[in-house]
Amino acid sequence: MTTRPTPVILWFRQDLRLADNPALDKAIRTGRPIVPVYILDDGPAVRAIGAASRWWLDGSLRALDGALAERGARLILRRGDSEAELGRLIDETGADAVFMNRRFEPDAFSHDADIAHALKADGVECHGCNGSLLARPGAVRTGSGGPYRVFTPFLKALLETATPPSPRPAPAAIEAVAGLASDALDDWALRPTAPDWAGGFDWTPGEAGAATALATFVERGLKTYARGRDHPAEPAVSRLSPHLHWGEIHPWRAAEAARRAAADGRIPPAEAEKFVAELGWRDFSAQLLHHFPQMTDTAFRPEYDRMPWREDPAGLETWKRGRTGYPIVDAGMRELSATGWMHNRVRMIVASFLVKDLLIDWRVGEAWFWDTLVDADLASNVQNWQWVAGSGADASPWFRIFNPVSQGQKFDPDGRYVRRWVPELTRLPDRWLHAPWTAPAEVLRDAGIRLGRHYPEPVVDHAAARARALEALRSLAETGPESGD
């Protein structure tokens with residue numbers, strides 16, 4: 001009688017793909033049956049994902065399950081404590097090995113390590129891989145052996161030392177284990193229903209959606225990426241961020257697709273390298289957070305934790321709802337509400353407005369983005385908010401305060417972006433569009449706009465807010481010496 005080989009468990013997390021998946025590749029190489037599992041763990045060990053991310057996760061898990069089904073397997077869904085659910089699955093299958101792609105956020109990294117140690121103590125092998133970054137945190141270090149704190153030398157070292165993994169196509173077949181219990185994805189209720197605030201989300205989660213997004217970007221947006229990525233009305237950005245966060249595509253494949261287009265003469269090489277640099281910024285954020293885990297809660301430059309932040313519930317609410325009276329800010333926040341995403345240039349503008357015009361703690365904005373972005377990535381979210389707040393490792397200085405009017409005029413000169421998301425201003429001429437309160441009464445009348453009724457008056461005067469922000473900066477010097485690195 002032939003004895004069936006002992007199966008192995010493939011634990012999916014933020015690697016929801018079959019191609020270029022190092023953990024899957026290693027599991028397949030064992031020649032043993034595979035138990036693919038995703039565990040929804042809402043416990044306190046790791047920050048719970050936000051509402052928009054749960055919407056994306058639902059679609060990505062459905063796509064992954066379909067891809068597995070085409071290869072003779074199924075995705076097992078379990079909900080609860082990760083260690084306990086893995087233990088139950090091991091008992092049910094007799095598996096003696098778990099393969100996974102590592103998560104590098106501090107709490108997740110520690111949690112995974114604790115689980116691995118517990119499983120090894122029970123005789124279960126754990127194999128971790130890097131399936132989410134160009135290089136794992138710690139692989140790129142300064143000459144003195146420490147982590148980089150400045151992006152440009154980090155990127156140079158990363159591109160000089162990191163070795164892209166060879167492409168690995170999705171396996172044609174996966175030997176599975178039959179008869180295992182699985183939750184129904186519908187029972188997890190990851191998507192909103194009452195109300196369905198995600199009804200306008202226009203995304204295709206999953207590995208196939210990621211491939212389509214990359215191909216579309218290379219064909220249409222990459223040609224003018226360096227300039228176009230600052231103009232929100234132009235289709236020049238990749239929109240790959242949620243696919244990258246959920247591991248539906250390996251970042252090296254995205255980098256190589258851009259470089260291949262440059263090598264083929266389809267785009268200028270400088271455009272490809274600008275895109276690769278942005279992928280490098282994602283790695284930079286990940287390695288910073290991995291080495292400096294306090295960044296999630298405290299300023300990287302400690303003196304900025306003495307900033308005299310304001311409590312302004314009413315101002316915060318106007319920001320969240322896109323009712324600040326500054327059209328480029330409001331357009332961005334409404335785009336976020338409608339799509340679960342926001343253009344990168346506009347993210348900087350709305351963040352600067354919250355932190356510097358309203359003088360509201362960057363952590364408040366980070367928490368809102370975490371809940372409302374489909375691409376909410378802890379390292380990128382924290383690093384980018386600290387960049388705007390001037391408190392990060394390689395940050396924009398605090399005194400760089402975006403003027404929302406001039407930013408709109410510069411990056412949305414013909415108002416296409418604002419008119420799309422703030423339709424009540426559609427008939428306002430370009431000259432007045434980014435500062436409606438400066439328009440003559442007859443211009444507002446002809447445009448059908450009554451400020452305070454159809455569109456709000458500015459919630460704050462930018463010039464006065466700028467002066468207040470600079471005074472807050474001066475107060476840091478008065479309360480003690482700067483101690484940031």
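Scroll up to find the structure.
Trainee: How do you make sense of the overall build of the protein when you look at a structure like this?
Mentor: Secondary structure summary: the protein contains 21 helices and 5 strands in total. With the C-alpha coordinates aligned to their principal axes, the bounding extent of the protein is approximately 90 × 50 × 50 Å. Pairs at least 24 apart in sequence give 78% of the contacts found in the protein among residues at least 6 apart. Across the protein, the 58 positively charged side chains and the 65 negatively charged ones have centroids separated by 4 Å.

Trainee: Would you mind showing me how to read the packing of helix H14 (residues 344–357) against helix H16 (residues 378–389) here?
Mentor: Packed helices, taken two at a time, are described by the angle their axes make and the gap between the axes. One can describe the packing of H14 onto H16 by two numbers: an axis separation of 9 Å at closest approach and a directional angle of 60°. With respect to their mutual orientation, H14 and H16 come out oblique. In the packing of H14 onto H16, the handedness of the crossing is right-handed. Residues Met348, Ala351, Ser352, Leu354, Val355 and Lys356 of H14 touch H16, and the partners they reach there are Trp385, Trp387, Val388 and Ala389.

Trainee: Sorry, what's going on with the sheet that holds strand S1 (residues 8–12) here?
Mentor: Within a sheet, neighbouring strands are paired by backbone hydrogen bonds and run either parallel or antiparallel to one another. If you trace the 5 strands from one edge of the open sheet to the other, you get S3-S2-S1-S4-S5, paired in parallel fashion. Two strands lie at the open edges of the sheet, namely strand S3 (76–79) and strand S5 (125–129), each paired on one side alone. Strand-to-strand twist across the sheet, computed as the mean angle between neighbouring axes with direction ignored, equals 25°. Of the strand pairs in this sheet, S1 and strand S4 (residues 97–101) are connected by 3 bridges, and their pairing is parallel. Its bridge partner being in S4, tryptophan 11 is matched across the sheet by methionine 100. In this fold helix H3 (residues 82–93) packs onto S1, strand S2 (34–40), S3 and S4, with an angle of close to 155° to the strand it touches most, S2. Across the sheet, helix H4 (residues 106–121) is in contact with S1, S4 and S5; its angle to S5 comes to roughly 150°.

Trainee: It is not clear to me how the packing of aromatic side chains should be interpreted in this structure. Could you clarify?
Mentor: Any two aromatic rings considered together are summarised by their centre-to-centre distance and by the angle between their planes. Scanning the entire structure with this criterion turns up 22 aromatic pairs. Summarising the aromatic geometry, the rings of phenylalanine 154 and phenylalanine 284 are spaced 5.4 Å apart at their centres and angled 45° between planes, so their arrangement reads as tilted. Pair noted here: phenylalanine 154 is in helix H5 (residues 151–161) and phenylalanine 284 is in helix H11 (residues 269–291), with a separation of 130 residues, a long-range link. Judged on exposure class, the residue phenylalanine 154 and its partner phenylalanine 284 are both buried. Ring geometry for tryptophan 319 versus phenylalanine 369: centroids 6.2 Å apart, planes at 15°, classification stacked. One end of the pair, tryptophan 319, is in helix H12 (residues 313–321); the other, phenylalanine 369, is in helix H15 (residues 362–372), with 50 residues separating them in the sequence. No difference in accessibility class separates tryptophan 319 from phenylalanine 369, as the two residues are buried. Through successive ring pairs, a cluster of aromatic residues spans Trp55, Trp56, Trp197, Phe201, Trp203 and Trp341. Sitting above the plane of the tryptophan 11 ring, arginine 13 keeps its charged end 4.2 Å from the centroid. Here lysine 356 stacks its cationic end above the ring of tryptophan 398, 5.2 Å away from the centre of that ring.

Trainee: Any chance you could explain the environment of proline 164 here in plain terms?
Mentor: Here proline 164 is to be found in the loop between H5 and helix H6 (185–188). Given a relative accessible area of 34%, proline 164 falls into the partly exposed group. Along the chain, proline 164 and aspartate 202 lie 38 residues apart, while their C-alpha atoms are 32 Å from each other. Setting aside residues up to four positions removed in sequence, proline 164 forms contacts with Trp252 and Glu256.

Trainee: What am I meant to see in H5 here?
Mentor: Residues lying three or four places apart along an α-helix face the same way, a consequence of the helix completing one turn every 3.6 residues. Buried within H5 are the following residues: Phe151, Phe154, Leu155, Ala157 and Leu158. For H5, the angular spread of the buried residues around the axis is 170°, confining them to a single face. Exposed and facing more than 90 degrees away from the buried side of H5 are Thr152, Lys156 and Glu160.

Reading guide: rules and limits
- Residues numbered from 1 in each chain as written.
- Predicted model: local features only at pLDDT ≥ 70, side-chain atom pairs only at ≥ 80, totals over all residues.
- Heavy atoms only, no water.
- Helix = DSSP H or I, 4+ residues; strand = E, 2+ residues; numbered from the N terminus.
- Contact = heavy atoms within 4.5 Å.
- Lys, Arg positive; Asp, Glu negative; His and termini not counted.
- Charge placed at Lys NZ, Arg CZ, Asp CG, Glu CD.
- Axes fitted to C-alpha atoms, helices over the stretch in contact; angles between N-to-C directions.
- Parallel < 35°, antiparallel > 145°, perpendicular 65-115°, else oblique.
- Left-handed = near helix turned anticlockwise from the far one by under 90°.
- Pairing = 2+ DSSP bridges.
- Phe/Tyr/Trp six-rings, centres within 6.5 Å; stacked < 30°, edge-to-face > 60°.
- Buried < 20%, exposed > 50% of the residue type's maximum accessible area, 1.4 Å probe, protein only.
- Lys NZ or Arg CZ within 6 Å of the ring centre and 35° of its normal.
- Arc of directions from axis to C-beta.

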